[in-house]
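# A closer look at the structure
Residues per chain, in single letters:
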Amino acid sequence: MSPSIKLNIAKVQQRIAEAEKKYGRKTDSVQLMAVSKTRPASMVRAAADAGLTEIGENYLQEALDKQRELADLGLTWHFIGPIQSNKTRAIAEHFDWVHSVDRLKIAQRLNDQRPETMAPLNICLQVNISGEESKSGLPLEELDSLADQLAAMPNISARGLMAIPQATDSINDQRQAFTQLADALHRLQQKHPTMTTLSMGMSNDMDAAIAEGASIVRIGTDIFGPRQ
Ligand SMILES: *Cc1c(COP(=O)(O)O)cnc(C)c1O
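Owing to the predicted nature of the structure, the values given are computational and were not obtained by experimental measurement. (Residues numbered from 1 in each chain as written. Predicted model: local features only at pLDDT ≥ 70, side-chain atom pairs only at ≥ 80, totals over all residues. Heavy atoms only, no water.)

## Points about the pattern of salt bridges
Applying the stated criterion across every chain yields a total of 9 salt bridges. Between R15 and D207 there is a salt bridge, with its nearest N and O atoms 3.1 Å apart. Of the two residues, R15 is situated in helix 1 (residues 2-22) and D207 in helix 8 (residues 206-211); the sequence distance between them amounts to 192 residues. Taking relative accessible area as the criterion, R15 reaches 27% and is therefore assigned partly exposed. (Salt bridge = Lys/Arg side-chain N within 4 Å of Asp/Glu carboxyl O. Helix = DSSP H or I, 4+ residues; strand = E, 2+ residues; numbered from the N terminus. Buried < 20%, exposed > 50% of the residue type's maximum accessible area, 1.4 Å probe, protein only.)

Structure below.
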């Protein structure tokens with residue numbers, strides 16, 4: 001099992017390097033996050049053995065179990081799934097990054113519940129750029145006011161934006177969605193210069209995301225194979 005994970009990671013890294021070159025991005029400007037929802041800890045360990053340090057998880061309990069099992073590895077854990085308010089305390093206590101903050105109440109709870117002994121929690125605001133289709137993400141129009149509110153929270157560090165556009169096989173449509181997120185980030189940066197992260201691109205739209213400025217891509221299937 002682990003030789004194929006290692007090979008898959010090498011292939012994804014190769015694709016990232018090619019896309020950086022093709023689209024005029026700096027070498028090594030795109031980070032690779034391994035998204036390991038539904039995968040056993042042994043597969044995450046194989047990804048870590050292949051050199052990956054950034055791990056994305058969607059489901060809290062599953063993530064906590066893996067974190068316990070992999071505590072020796074010093075991985076950086078990213079929460080990327082929908083957040084219910086009764087889960088914020090454990091997320092604030094056990095993650096380094098949260099990419100899926102889309103409302104004030106959740107941001108406020110994460111700020112209040114982040115232990116004082118830990119560094120501020122890195123936050124990306126999840127934006128709904130494809131309209132009504134998706135239930136997650138805040139509308140573009142609400143971004144400014146939520147970013148302003150985050151700036152006043154001492155235990156949170158606003159780092160950037162995340163999106164999961166509607167799936168499509170057209171690279172032009174993919175790029176059109178991602179360019180909206182990139183534009184939104186550039187607007188926000190004038191007031192909030194610490195917001196530099198563009199968390200966008202999954203297995204099926206990674207190249208388009210890199211073309212439009214992704215700084216971290218979230219890859220599951222192309223690393224671990226299809227989910228059962
Ligand atoms: C599952 C998931 C991914 C990875 O998707 P793949 O298509 O398996 O690469 C990325 N981001 C989020 C938010 C996810 O839920």
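## Here's the deal with the layout of surface pockets
Volume-wise, the largest pocket comes out at about 570 Å³. In terms of lining, the largest pocket is formed by 26 residues, of which the most central are K37, I164, M202, R218 and R227. Each residue belonging to the lining of the largest pocket can be placed in one class, and the counts come to 9 nonpolar, 12 polar and 5 charged. Roughly 290 Å³ of volume is contained in the second largest pocket. Around the second largest pocket, the lining is made up of 16 residues, and of these Q13, I16, E20, D28 and V30 lie nearest the centre. Sorting the residues of the lining of the second largest pocket by element identifies helix 1 and strand 1 (31-35) as the ones contributing at least two each. The biggest single contributor to the lining of the second largest pocket is helix 1, with 5 residues. Here the residues of the lining of the second largest pocket are counted per class, giving 5 nonpolar, 5 polar and 6 charged. (1 Å grid on protein atoms, 1.4 Å probe; cavity = no way out; pocket = protein on both sides within 12 Å on 5 of 7 lines; lining within 4 Å. Points joined across faces, edges and corners; volume = space filled by probe spheres on them. Nonpolar A, V, L, I, M, F, W, Y, C, P; charged D, E, K, R; others polar.)

Everything listed is a geometric property; what it means functionally is a separate question.
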